[in-house]
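# Understanding the architecture of this molecule
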Amino acid sequence: MACVLEAPLRMSVLSEVTASSRHYVDRLFDLDPQKVLQGVIDMKNAVIGNNKQKANLIVLGAVPRLLYLLQQETSSTELRTECAVVLGSLAMGTENNVKSLLDCHIIPALLQGLLSPDLKFIEACLRCLRTIFISPVTPEDLLYTDGTVISHLMALLSRSPYTQEYICQIFSHCCKGPDHQTILFNHGAVQNIAHLLVSTSYKVRMQALKCFSVLAFENPQVSMTLVNVSVDGELLPQIFVKMLQRDKPIEMQLTSAKCLILTTLPCLVRMCSKDRLLEERVEGAETLAYLIETDVELQRMASITDHLIVMLADYFKYPSSVSAITDIKRLDHDLKHAHELRQAAFKLYASLGANDEDIRKKIIETENMMDRIVNGLSESSIKVRLAAVRCLHSLSRSVQQLRTSFQDHAVWKPLMKVLQNAPNEILVVASSTLCNLLLEFSPSKEPILESGAIELLCSLTQSENLALRVNGIWALMNMAFQAEQKIKSDILRGLSTEQLFQLLSDSDVNVLMKTLGLLRNLLSTRPHIDHIMSTHGKQIMQAVTLILEGEHNIEVKEQTLCILANIADGTTAKELIMTNDDILQKIKYYMSHSNAKLQLAAMFCISNLIWNEEEGKKPSLLMHRQVTILIKKLLLNSNICSAQCIGIQSVMGNIILGVVWIVGVVRRHEEDAESSLGETQGHSDNKQELERHRGGFHL
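None of these values were measured; they are calculated from a predicted model. (Residues numbered from 1 in each chain as written. Predicted model: local features only at pLDDT ≥ 70, side-chain atom pairs only at ≥ 80, totals over all residues. Heavy atoms only, no water.)

## As for the packing of aromatic side chains
Taken as a whole and assessed by the stated rule, the structure comprises 3 aromatic pairs. Judged by centre distance (4.9 Å) and plane angle (70°), the ring pair of Y589 and Y590 falls under edge-to-face. On the basis of relative accessibility, which here comes to 3%, the residue Y590 falls in the buried class. (Phe/Tyr/Trp six-rings, centres within 6.5 Å; stacked < 30°, edge-to-face > 60°. Buried < 20%, exposed > 50% of the residue type's maximum accessible area, 1.4 Å probe, protein only.)

Shown next, in the form of structure tokens:
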């Protein structure tokens, strides 16, 4: 393959090739070795920090000549070293530079150079190899094509701090999966790199750490090996802990923490096996639960290590009738503390199933798992009940399980009992779980409603505990989604107007957003909108006004405008907007607001206001002339162009479509007003209606 730049780049730089650049290349062909050496040194100085000069020299054919000089045994060691340095500098340019070097087969030439006895030359070759391999355009597999390369690199680790730094960096960037991990592991990477963690060079220690972090990632075999390796009498985990100290650089703290987690995880899983003491099993499971709680990759790694999910099922059978415990005192002790095992198992199951659907499925399919959770909800130990509720909450994030296992075992019944009389710590998690059971696709929603949940949830919204207030209003929001009018009326009656106002003026934005979401769900379906606004319209309009006038973020005001759009969709309810000049002015203001989302929400308000479907009546023309003026401004508004520049073209596209649609409606209204036919325009099938605020999973 020709050693050239890609065509577009070649054309762009050929015109800029200068006489001095040509001079550098010409000197590489001089018959005098000393002049060649000086030419390479001058070239090295010329390309440092100069990408244009690097590109020029590559185009002029410097790379093949440099590689030729580097591989010639007749070249002096100094010349070969300088050639490697220049090639490394060229590789530090653009990605196209690296591609050109790869096309010239630079990697085999540099690997061959590692066989030299001269340390300086070896270091120069390794430095260049490091630069090439860390480039995203270099295939990692090029390192593994020859089985002897890895062995030789391992042998070179002892030569100098530079060889240690560069080789570890190469391994870190070229270890991209189980196959690469296995190759490096089988060539003794753990043993050869371990002692570098106590090097006097920070760079060496750092690169060794990074190397271990990629070697052990999702690889139990490597992780368990690292645990048992010692350097100068200290185990590797102890060294990792020392590197976590606050006086160490942040980079070192983070990487050592990652190594510590990866090496600790298999050990913690082993502590969960049934041949360990009860205390060890409890501590192992609880520590592991804490460690993986928020990390999806660690959850997946733990779930496939030593059949952990199945192993935890034994926690509920301890001590069994065939227990190996012969010490009567020990048996008596374990019987008294067996509940701690169940607590630890529930905690770990909760962490394992926090994010991954496949893991949740495996947990629920474990022997009698749902029955164990249901039993755990009624245990005498508060800690076990809390852990069981947490486990249930974690599993309730699954749509499939809500529709199947949760319904088959009627878990809502014991959950409702837990909610009747429990400390706040349990109430918070139990009410979070209830939010998920009240989603529209959950079969448990209807029986929960029939069990008197509305009164319970309304009482939670009055709690001084913020989390309980959020959960109470969140659950009501989910309950109101696509609900019957009676349920919506019961919710409003249970909350009371005074409490609704308190929630809308809550200092916590989560409470406010969920309350607005509840209002959106209540004010959906035209008959429901008209009914609710006929009884609570004055108070709701007052609340909407206060929020639109207040110092709230964009998301809050968008939700509030969506509520207005829903009200405007009512048959009689829209009159509360049409007769309120203050609200009309606010809608007009937000139609020309700089924020695209607020513009779109205001547009929907207008589109719903224009329609009037009462038979025999003309569509309402109030405001249409003012609306037309505003729409024309919007079509010419520079905000549309600027919004596209910041990545919200889809929102602006909706605004333009809404504008065009409303203009058409207004024009048709004008034509109808001028005609003598007196026919009422039917409700357009293309009319866009704001989607109700769909309930969401409580995470």
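## Structural notes on the packing of helix 6 (residues 77–91) against helix 9 (residues 119–133)
Packing of helix 6 against helix 9 brings their axes to within 9 Å, and their N-to-C directions diverge by 15°. As judged from the angle between their axes, helix 6 and helix 9 are roughly parallel. For helix 6 against helix 9, the interelement crossing comes out left-handed. Along the contact surface, helix 6 presents T77, R80, T81, A84, V85, L87, G88 and A91, while helix 9 presents K120, F121, A124, C125, R127, C128, T131 and I132. Split by residue class, the contact of helix 6 with helix 9 holds 9 nonpolar, 4 polar and 3 charged. (Axes fitted to C-alpha atoms, helices over the stretch in contact; angles between N-to-C directions. Helix = DSSP H or I, 4+ residues; strand = E, 2+ residues; numbered from the N terminus. Parallel < 35°, antiparallel > 145°, perpendicular 65-115°, else oblique. Left-handed = near helix turned anticlockwise from the far one by under 90°. Contact = heavy atoms within 4.5 Å. Nonpolar A, V, L, I, M, F, W, Y, C, P; charged D, E, K, R; others polar.)

## A short note on the pattern of salt bridges
The full count for this structure, using the stated rule, is 20 salt bridges. In this structure, K44 and E82 form a salt bridge, with 3.1 Å as the shortest nitrogen-oxygen distance. Taken together, the positions of K44 in helix 3 (residues 33–47) and E82 in helix 6 put the pair 38 residues apart, joining distant regions of the chain. Across the salt bridge formed by R276 and E280, the nearest N and O atoms sit 3.7 Å from each other. By relative accessible area, which is 31% here, R276 ends up partly exposed. In this structure, a network of salt bridges that share partners links the residues E297, R300 and D356. (Salt bridge = Lys/Arg side-chain N within 4 Å of Asp/Glu carboxyl O.)

## So, unusual backbone geometry
One non-glycine residue, H105, adopts positive backbone phi at about 60°. Here H105 shows up in the loop between helix 7 (95–103) and helix 8 (106–113). Backbone geometry at D232 places phi at a positive 50°, although glycine is not the residue there. Here D232 shows up in the loop between strand 1 (230–231) and strand 2 (234–235).

## Thoughts on helix 7
Residues lying three or four places apart along an α-helix face the same way, a consequence of the helix completing one turn every 3.6 residues. Within helix 7 the residues assigned to the buried category are N97, V98, S100, L101 and L102. Tucked into the core, helix 7 has its buried residues touching helix 4 (51–59), helix 5 (62–71), helix 6, helix 8 and helix 9. The positive-phi residue at the C-terminal boundary of helix 7 is H105, with phi of around 60°.

## A few points about the UniProt feature "repeat: ARM" (unreviewed entry) in the protein
According to UniProt, the positions carrying the feature "repeat: ARM" (unreviewed entry) are residues 61–97. What you have in residues 61–97 is 76% helix and 0% strand, and the ends, taken at the C-alpha atoms, are 12 Å apart. (UniProt positions renumbered as here; feature names shortened; annotations may be inferred.)

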